[in-house]
Every structure is written in structure tokens, then in C-alpha cells.
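Observations on the model geometry
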Amino acid sequence: MDIIQNLDFGAALHDLTPMLWSGLWIALEATICGFIIAFVLGTVIAIGRISKSKILRGVLVVFLEIIRGTPLLVQLVYMYYVAPLLISLVVQIWTPGYQLSFSPFIAGALGLGINYGCYLSEVIRASILSVDRGQTEAALALGYTSRQSLWSIVIPQATRSAVPVFGNYLVMMIKDTSLLAFITVNELLLRAQTYASQTFLTIESYTILAIAYLIISLPLAQLMGLLERRLAKRG
Amino acid sequence: MAKTMIEVEKLHKSFGENEILKGLDIEIKQGEKVVIIGPSGSGKSTFLRCLNYLEEPTSGRVKIEGHYFVDPHGKYNEKHIASLRTEVGMVFQRFNLFPNMTAIENVMAAQIKIRKKSKEEAKKTAEKYLIKVGLGERMDHYPRQLSGGQQQRVAIARALAMEPKVMLFDEATSALDPELVGEVLNVIRDLAREGMTMVLVTHEMRFAEEVGDRIIFMDKGVIVEEGHPKEFFHHPKHERTKAFINKVEHPELLKENVN
Ligand SMILES: Nc1ncnc2c1ncn2[C@@H]1O[C@H](COP(=O)(O)OP(=O)(O)OP(=O)(O)O)[C@@H](O)[C@H]1O
Ligand SMILES: [Mg+2]
């Protein structure tokens, strides 16, 4: 009973709201940067995987297996603590004394981007392969090179089937930014955690945090559904 | 003496162990209409696709208006092949229109991207050819809003808009409902009359006889017999040709044989 009587959502809401707002901005920035990296990387990997080079395809498959076989959280920690050390070691061969470090935000955006890039590459690859081979042949017969046909005939059609899936990944990525708390990015989770430990308003802090995520992801998911239906209608 | 438009020398094509084309030599003159007929699987499509290098021959060479697709050392230069392909229009059995573009956009796309024409110029040319194939009223329709016959006519206009020197037709009417075949054949017939060099694969024997200057009968990757349409259809020399003509002109006999 004590617990219920002592609940103070008013105070928590009053204190947390501005903090969560600035945490939200960081989360959104990380999502935008992460998604851009993921999209570029995903496209590059997808095109590499349908290229003629066996070596390139092999290397990419190994890379994908590594990323998909390890948890995102471990990758983020690795990107923050280990990757800069490894890169420094390599660069030190040419430039003695070189020391690289990533800010938490950079490490976070890179980690999210690489992880999601691998999953997006599968989506992109599948949607490229789902475009009828006859489309490429028609383009080639008109005098397109295979690269021109890929970029101006196949990919625009592939995008239509990929965009709705992209939307789902975008919503997932926003939620996954909460993992950035573990590499000290001052996003929503870390702020709620800090506040809770200072005030002991544990129930209030984390409930408000959960609601904050819902407020972002629910409308976004709705929007994606709408987009999907519009695209489906245009056929 | 008309000049040579297509020259095929000792053309072989294999898929893995399977040799599909077994050494074809063909010369096609400017303005000539060559119709290729033959049983299913005899390699007609494969041959046609070698003429614009959609299929790379295993050996042998293809020349368009004196230009080889690959140089004598067999070096493969994609840019060169692509530019030679602009001289060879192709019409596919399944149309292969770009579904995300309207009829006129389909016809404009390659003019802009490949021929480097301005948008206005491309549009003018596209309108001209769409009107020519009888689709002046349907220019802003998407492929899915058009009947099969209309789609195939857009595909023909799209190929013609590149102003190719040769047109290849691979069973352009086989995917169409019977009542739509006529409108597409009319367009091809007009084109033939205007003097376009054409290579057609078709199962429409009457049409073959009507438009063709020369009929080539292919079976199992070789040319069994070729000749002037009258000669070919009414006095075929080889047993295989006779059997084939009989079979396509009297399909009901075939069914009885099977039963
Ligand atoms: N890309 C390919 N890979 C493997 N085999 C192929 C390929 N394309 C065609 N073939 C084979 O080559 C043979 C000839 O095919 P082709 O399509 O040229 O015949 P066709 O004379 O056009 O027949 P149809 O009248 O049925 O269209 C067939 O046995 C076919 O299975
Ligand atoms: Mg065929």
C-alpha cells in the first residue's frame, strides 16, 4: 500500500519531461544518422552481393554472418571501446602515437548503422531480385549498360517493395537507440535511469519512459502503414 | 544490291553441356524480312537473343551493319555492345514494359537516358510513334491500364523510338488473347511495308508467309531449310519441314495421334 500512496507522477512528470525531450532529440539524431549509414551500407552490400565477383560475395556473406550472429548491444560496446583501439593500432604503423576515439554518439550511430545496414541489405537485395528479369532485358535491348539498367530501371521498381519494410526497421531503430545508454549516450533511458536513482521514483520514471517511446513509435508505425497502403494502391 | 545488315558467322551457343545453337551462318540484307519458325525448344529465341547479344555466343560472331559486337580478339566491351544494341530494337513475347512509367514515359526513357535527347524532343518522338501504333489516346496510361495488345504496341513504339536499323520480334503475339493478335500484326505489317529490316520468330504461319521475304526453319539448333515463303510453305523439301508445317497447320491431327 505504501508504494501506491507514495507514487508521485506529478513530480516525476514535471522533472522528467524536459529531460526526456532533450534525450529524445539525441535518440532521433542517432536514428537519422544511423539510418542513413544503414541505407548506404545496405545498398552497397546488396549490390556487392549480386555482383559477379565471387570473392566480394564471399567476404560480404562472412561479414553479414558476423553481424547477424552477435547482439546489437555487444556490437555497440565493441564499436565504442574496441574499434577505436584496433583502428589506432593499424594507423600507428604509419603514424606513431596516433590515438583514435569515438564519442559515444558517433560510436552509437555507427554501430546502429552497421547492424541495420546488414539487415537492410537483405531487404534491398530481395527487392532487387524480385524485379522481373524481363525489365533488365528490355533495358539492355534499348542500349542501357547493366549498371544504367540497375540504377534507372530496376532499383526504382525495387524501392517500391522495399520502402514499407524500411519503415518497420526505422521504427525498430528508434526503439533500439535505448541501447545507446550502455555506451553513455545521454538519450532517454539513461536520463530516466539517472533520475530514478536520484529520486527513487522508480515506477514513475520508467513508466513515463515507456510511454515516451510509445508516443514516438505508435504514430510512426501508423504513418508507415499508411504509406504502405498508398504504395500498394499505386501498384 | 542492298547492303548487308546482319551477318552471323558460325554461331554456337551452349548452356552448360547443352549445345542449343550448332553453327549458324546467316546473312540478312537491309530491308529484308526474315521469319524463323521451328518447334519449341529448337533455339529460335536463343538465336534472336544472340543477334543483340542479350545472349553471348559461345563461339562465332555477329555483325550489325559491318560492326562486330566484340572485337576479333573476343574482347568484351559493355559500352560498345550497349551502343550497338541501340541499332537493334527488340520486342518480347511478354512486352516487358516498365510498369512504373506511363506509355509515353516508357517510350521516352531510353531516348533521354541513352540517346541523350532533351525531354521535349523525346516527347515529340514518343508521340509520333505512339500515334503510329494507334495509341495516341492512351499515352498517359500505365501498362496495367492497357490491354495486352495495347501494351505490346507501346513496346513496339518504345523500340522504334530509338530509330533502330533492325527490329527483332520474339513471338510478339503469343501472349495475347486471339482477338488482340490482329492489332499487333497490323502494326508489324505496316512496319514491314515501310522497309524496316526485321527478324521475326512466330507461330503465325499465315502471317509468316505474308510478310516474310525468307523463311528459315530451325530444328535442334540447326537450319534445316530456308527459302522464299511460297516455295517454303507449298513445296517444302525436307521431311522435317513437311512434318512441322503439317503439324502447325493441322493441330487437330496431332491431337488424334497423341490419343
Ligand atoms: N538461360 C538458359 N539457360 C539454360 N538453358 C536455356 C536458357 N535459355 C534457353 N535454354 C534452353 O535452350 C533451348 C532452346 O530454347 P529457346 O528458348 O531458344 O527455344 P525456342 O525455339 O525459342 O522455343 P519456344 O518456341 O518454346 O519459344 C531450350 O531447351 C531451353 O531450355
Ligand atoms: Mg522462344
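Residue positions are counted from 1 within each chain, in the order its sequence is given. Think of it this way: whatever chain is written first is A, whatever ligand is written first is 1, and the rest follow in order. Local features are withheld for residues below a pLDDT of 70 in this predicted model, meaning they are given only at 70 or higher, and side-chain atom pairs are given and counted only at 80 or more; totals for whole chains, interfaces and linings count all residues. Neither water nor hydrogens contribute to the side-chain values; these are computed over all heavy atoms in the structure.

Just so we agree on the cut-off: UniProt positions are given in the numbering used here, feature names are shortened, and annotations may be inferred rather than shown by experiment.
Per an unreviewed UniProt entry, chain A goes by the name ABC transporter permease subunit and belongs to Terrilactibacillus tamarindi. In its Subcellular location (unreviewed entry) section, the UniProt entry covering chain A states "Cell membrane".

1. Brief notes about the pattern of salt bridges
Once the charged atoms of two side chains with opposite charge are near each other, the side chains can pair. All names here are of chain B. Spelled out, the test is: A side-chain nitrogen of Lys or Arg and a carboxyl oxygen of Asp or Glu constitute a salt bridge if their distance falls within 4 Å. Numbering of helices and strands runs from the N terminus; a helix is a DSSP stretch of H or I covering at least four residues, while a strand is a stretch of E covering at least two. Whether a residue is buried, partly exposed or exposed follows from its accessible area with a 1.4 Å probe, protein chains only, as a fraction of its type maximum: under 20%, in between, or over 50%, in that order.
Overall, the coordinates contain 23 salt bridges over all chains when judged by the stated rule. Ionic pairing is found between E65 and K3, a salt bridge with its closest N-O pair at 3.1 Å. Note that E65 is positioned in the loop between β4 (59–64) and β5 (67–68) and K3 in the segment before β1 (4–15), a separation of 62 residues in sequence. Given a relative accessible area of 24%, E65 falls into the partly exposed group. Among the salt bridges present, the one from E87 reaches K165, with a minimum N-O distance of 3.5 Å. You can see E87 sitting in the loop between α2 (78–85) and β6 (88–91) and its partner K165 sitting in the loop between α5 (148–160) and β7 (166–170), a full 78 residues away along the chain.

2. Quick word on the confidence of the model for chain B
Rules: The predictor rates its confidence in each residue with pLDDT, a number between 0 and 100.
Per-residue pLDDT for chain B has a mean of 93; in total, 96% of the residues score no lower than 70. Across the predicted assembly, pTM comes out at 0.84 and ipTM at 0.93.

3. A closer look at the nonpolar core
Residues and elements named next belong to chain B. Applied cut-off: Throughout this description, the term nonpolar core refers to a set of buried Ala, Val, Leu, Ile, Met, Phe, Trp, Tyr and Cys residues connected via side-chain atoms within 4.5 Å. For this analysis, residues touch if any pair of their heavy atoms sits within 4.5 Å.
Formed by 50 residues in total, the largest nonpolar core has its most connected members in I37, L130, I156, M167, F169, I188 and M198. Of the residues forming this core, the biggest block, eight residues, is contributed by helix α6 (residues 178–193). Every residue in contact with F169, bar those within four places of it in the chain, is listed here: L48, V91, I156, I188, L191, M198, V199, L200 and V201. Listed in part, the 45 residues of the second largest apolar core include L11, L24, M162 and V201.

4. Some details on the interface of chain B and chain A
A common way to express how large an interface is: the accessible area buried when the components associate. As a reminder, the rule being used: By buried area we mean how much accessible surface two parts lose on assembly, using a 1.4 Å probe and totalling the loss over both. Two N or O atoms form a polar contact when they lie within 3.5 Å of each other; inside protein one atom must be a possible hydrogen donor and the other a possible acceptor, and for residues adjacent in sequence the pair counts only when both atoms belong to side chains. Polar here means any residue other than Ala, Val, Leu, Ile, Met, Phe, Trp, Tyr, Cys and Pro, which are nonpolar, and Asp, Glu, Lys and Arg, which are charged; Gly is therefore polar.
Tallying the contact residues gives 25 residues for chain B and 21 residues for chain A. Both faces combined, the contact of chain B with chain A buries some 1900 Å², and carbon together with sulfur accounts for 57% of it. Between the two partners, chain B and chain A, sit two salt bridges. Taken together, the links from chain B to chain A amount to five residue pairs in polar contact (both at pLDDT 80 or more). The set of elements that each furnish at least two residues to the side of chain B that touches chain A consists of α2, β6, α3 (103–113) and α5 of chain B. A class-by-class count of the residues in the side of chain B that touches chain A yields 14 nonpolar, four polar and seven charged.

5. Quick notes on the UniProt feature "transmembrane region" (unreviewed entry) in chain A
Here the UniProt-annotated "transmembrane region" (unreviewed entry) positions come out as residues 24–47, 59–81, 101–120, 166–185 and 205–227 of chain A. Segment residues 24–47 of chain A splits into 100% helix and 0% strand. End C-alpha atoms: 34 Å apart.

6. Some remarks on the sheet that holds β5(B)
Residue and element names in this part refer to chain B. Counted only if it meets this: Pairing between strands is defined by DSSP: at least two bridges between them are needed. Comment: axis = line fitted to C-alpha atoms, over the contacting stretch for helices; angle = value between 0 and 180 degrees taken between N-to-C directions.
One open sheet holds the four strands; their spatial order is β2-β1-β4-β5, and the pairing between them is antiparallel. Sheet topology places β2 (18–29) and β5 at the edges, where each strand pairs with a single neighbour. The sheet contact formed by β1 and β2 spans nine bridges and is antiparallel. Bridging across to β2, E7 finds its partner in E27. Relative to the sheet, helix α1 (residues 44–51) contacts β1, β2 and β4, its axis offset from that of β1 by approximately 125°.

7. So, the site of ligand 1
All names here are of chain B. Going by this rule: One heavy atom suffices: a residue is near a molecule or strand as soon as one of its heavy atoms comes within 4 Å of it. Here the accessible surface of atoms and residues is derived via Shrake-Rupley with a 1.4 Å probe, and residues count as covered only by protein chains that are part of the display.
All residues adjacent to ligand 1 are F15, I20, P39, S40, G41, S42, G43, K44, S45, T46, E171 and H203. At a separation of 2.7 Å, an oxygen atom of ligand 1 approaches a polar side-chain atom of S45. Alone, ligand 1 offers 630 Å² of accessible surface; in the complex the protein occludes 57% of this. At three residues, the largest contribution of residues to the shell around ligand 1 is made by α1. Taken together, the residues that form the shell around ligand 1 break down as three nonpolar, seven polar and two charged.

8. Focus: the side chain of B:T173
Here B:T173 is to be found in the loop between β7 and α6. In this structure B:T173 touches B:V181, B:V184, B:L185 and B:E204, once residues within four positions along its chain are discounted.

9. Points about the environment of B:L191
All names here are of chain B. Looking at where L191 falls in the secondary structure, it is placed in helix α6. Residue L191 is classed as buried on the basis of its relative accessible area of 4%. Spatially, the C-alpha atoms of L191 and E239 are 33 Å apart, while their sequence positions differ by 48 residues. The contact partners of L191, leaving out residues within four places of it in the chain, are K132, L160, M167, F169, M196 and M198.

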